[in-house]
Amino acid sequence: MSVENPIPAGRLPSPEDNLPVGVDRHTYEQPALLHISSALASATDPEVFYSTVLETIIPAYAPADAGTISLWDEEEKHLVVRAALGYENVTLRCRHFRKGESLPGKVFAAQAPQLFPTPQAIVAAGVNTHPEDIVYEEKATGAPVCPRSALGVPLMLGEEIIGVLLLEQWQPAPPFAAADIPLLQTLANLAALAADRLRLQMELERTHADAQADLSSLDLLSTLAHEMRTPLASIKGYSTALILEEVQWDPEKQAEFLRIIDEETDKLEEIINDLLESSLIEAGRLEITPEPILLPRLVHEIVDEMLHRTDKHRFVISFPSDFPIVEADPRRIHQVLHNLLDNAVKYSPHGGLVVIRGEVSQSEVVISVADQGIGIAPEHLNRLFERFFRAREIEEHVAGSGLGLPIARAIVQSHGGRIWAESKLGEGSTFYFTLPLGEQSSALAEE
Ligand code: ADP
């Protein structure tokens, strides 16, 4: 004949359950233990783990209605309350206990379960509690009274004690008894094991993350090495060709080789500058020296540079004739415009129109660079300004380091401006940046 389990799933039998005579309460402990151990084993968040332990054990374990878990801090040489349940106020979590101090400290010192079956026993054990901690307890429990009974067990990992689980009984009920100790110690051992599993898991995740970071910096180094090797190979190849004694190059060829060497050296210099610049920005050492600048003139200079590099693109510069003078660092803004125009050319391999426009609003100027190139997928638009971000599909076809846009953003932001992009895949992209107008220029712009 099967007897229905009178104990709700996950709860341990208590003396109040009035189990039928002749029924051993241990019969009902096993399913509850299984339930609790699987709840602990499936805990995944180390931050809330100890609260989970209390939330799992206290409702299952009569007569407990409150409890704490304190962990040993080897540096400070005291127990720190890491989780508390059943108190009105979480200030209890600020508490700490030296070895031998109050209830948790006594359990820690003894490294064995300690039963405090009466309020008198609890008061006697708490006699050496630090006055500051008594205030905490009063605040935490809402009244300067003490529990009716308590039971503390050590959290053991093999031979090592890592903390203390203390359960308290505040409501009227049969008090904790020596018979409760083996079961609570079993639960505490399960909790300690689960905590250790989580610690190992976290360590593993950290190692994994470090390995990933190492890998991505390796990836990065190999990308940069590749980017630098390409221009280097051209420089080496053409200069070796030029100094070959047995070949007499005609002046036209010589000039062409020298032009290529010159261009490739520029590319190399650009990558090295970007890297240096980027590390300066990372270190928060980007310096800006503003002076009055004429943006349309700067744009013309950069477009002239670009015209030497491409005959597939046409450039249109559109600035209103009364475009105001802005206060900015000319070298840095040159860098921003250069990066944007360079990208406009690089990422429109079939050529097309590149339009650089300047507009003025009340308090700022807006510069845009629009191309008719490959465009940017919507999911990449937000990531463009991340260091080393490159859209995967173009990575192999177009040289680049993924540093140009983050540098541009840092420069624009340090001038008090904003930078963003709009794009349609396959149709082209427009990059915008703003620079604030000083009070004088704003007034002129308004006029
Ligand atoms: P790099 O050009 O060296 O890769 P950037 O930081 O300048 O580095 O650009 C980051 C990425 O943004 C590029 O790899 C590319 O995927 C995308 N991108 C930038 N400008 C454009 C553009 N005008 N058209 C399409 N994609 C662009």
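Since we're looking at a predicted model, the values are computed, not measured. (Residues numbered from 1 in each chain as written. Predicted model: local features only at pLDDT ≥ 70, side-chain atom pairs only at ≥ 80, totals over all residues. Heavy atoms only, no water.)

## Observations concerning the overall build of the chain
Here is the rule we go by: For the purposes of this entry, the term helix denotes a DSSP run of H or I that reaches at least four residues, the term strand denotes a run of E that reaches at least two, and both are numbered from the N terminus. A 1.4 Å probe rolled over the protein chains alone gives each residue an accessible area, and that area as a share of the maximum for its type sets the label: buried under 20%, exposed over 50%, partly exposed in between. When checking whether two residues touch, look at their non-hydrogen atoms; a contact exists if any pair is within 4.5 Å. Reported accessibility uses the Shrake-Rupley method at a 1.4 Å probe radius. Residues are deemed covered only where the shown protein chains occlude them.
Scanning the chain from terminus to terminus reveals 13 helices and 13 strands. Expressed as a percentage of the 447 residues in the chain, the buried residues total 43%. In the chain, the proportion of contacts linking residues at least 24 apart, taken out of those at least 6 apart, comes to 66%. Accessible surface, the chain: about 24,800 Å² in total, of which carbon and sulfur atoms supply 54%.

## A look at the nonpolar core
Considering soluble globular proteins, one finds that nonpolar side chains tend to be buried as a cluster. Quick note on the threshold: Side-chain atoms within 4.5 Å are what join buried Ala, Val, Leu, Ile, Met, Phe, Trp, Tyr and Cys residues into a set we call a nonpolar core.
In this structure, Leu295, Ile333, Leu337, Leu341, Ile356 and Phe433 are the most contacted members of the largest nonpolar core, which totals 42 residues. Contributions of two or more residues to this core are made by helix H8 (295-307), strand S9 (326-328), helix H9 (330-346), strand S10 (352-360), strand S11 (364-370), helix H12 (404-414), strand S12 (419-424) and strand S13 (428-436). Residue contributions to this core peak at seven residues, all from H9. The residues contacting Leu337, other than those within four sequence positions of it, are Leu295, Leu298, Val299, Ile302, Ile367 and Phe433. Grouped together as the second largest cluster of nonpolar side chains are 32 residues, Phe49, Leu54, Ile69 and Leu187 included.

## Details of the packing of helix H7 (residues 251-282) against H12
Selection rule: Between N-to-C directions, angles cover 0 to 180 degrees, with each direction set by a line fitted to C-alpha atoms, over the stretch in contact for helices. An angle counts as roughly parallel when it lies under 35 degrees, as roughly antiparallel when it exceeds 145, as roughly perpendicular when it falls between 65 and 115, and as oblique in every other case. Left-handed describes a crossing whose near helix is turned anticlockwise from the far helix through less than a right angle; right-handed describes the clockwise counterpart.
It is the contact of H7 with H12, at a shortest axis distance of 10 Å, that shows an interaxial angle of 45 degrees. Between H7 and H12, the angle falls in the class oblique. Classified by chirality, the crossing of H12 by H7 is left-handed. Packed against H7, whose contacting residues are Asp274, Glu277, Ser278 and Ile281, the element H12 presents Gly404, Ile407 and Ala410 at the interface.

## Some details on H12
Here H12 lies mainly inside the structure; eight of its 11 residues are buried. When we look at burial in H12, the residues that qualify are Gly404, Leu405, Pro406, Ile407, Ala408, Ala410, Ile411 and Val412. Close packing links the buried residues of H12 with H7, H9, S12 and S13. One or two residues past the end of H12 sits Gly416, with phi positive at roughly 85 degrees.

## A word on the pairing of strand S2 (residues 78-85)
Formally: Paired strands, as defined in this entry, are two strands with at least two bridges between them according to DSSP.
As paired elements, strand S1 (residues 66-73) and S2 share seven bridges and run antiparallel to each other. Paired with Trp72 across the strands is Leu79, a residue of S2. Here S1 folds back onto S2 in antiparallel fashion, the turn holding four residues, of which Lys77 has a positive phi close to 55 degrees. Pairing of S2 with strand S3 (residues 96-97), which is carried by two bridges, proceeds in the antiparallel orientation.

## What to know about the pairing of strand S6 (residues 160-169)
Walk down a regular strand and you will see the side chains alternate between the two sheet faces. For S6, a buried count of nine out of 10 residues is recorded, marking the element as mostly surrounded by other parts of the structure. In this sheet, S6 lies alongside S1 in antiparallel orientation, the contact comprising six bridges. Pairing of Ile69 across the sheet is with Leu165, part of S6. Judged from the nine bridges that link them, strand S5 (residues 149-157) and S6 form a sheet pairing that is antiparallel.

## Focus: the site of the ligand
Put simply, the rule is: One heavy atom within 4 Å of a molecule or strand is enough for the residue carrying it to be called near that molecule or strand. Identification of polar contacts relies on pairs of N or O atoms within 3.5 Å, with a donor-acceptor requirement for protein atoms, meaning one able to donate a hydrogen and the other able to accept it, and with residues adjacent in sequence counted only if both atoms are side-chain atoms.
In the vicinity of the ligand, 20 residues are found, and the nearest of them are Asn343, Tyr347, Arg390, Ser401 and Leu405. Taking Lys346, its side chain carries an N or O atom lying 3.0 Å from an oxygen atom of the ligand. In the environment of the ligand, a nitrogen atom lies 2.8 Å from a nitrogen or oxygen atom belonging to the side chain of Asp371. Taken by itself the ligand offers 530 Å² of open surface, and the protein chains cover 97% of this. Counting residues per element, the ones that place at least two in the shell around the ligand are H9, H12 and S13.

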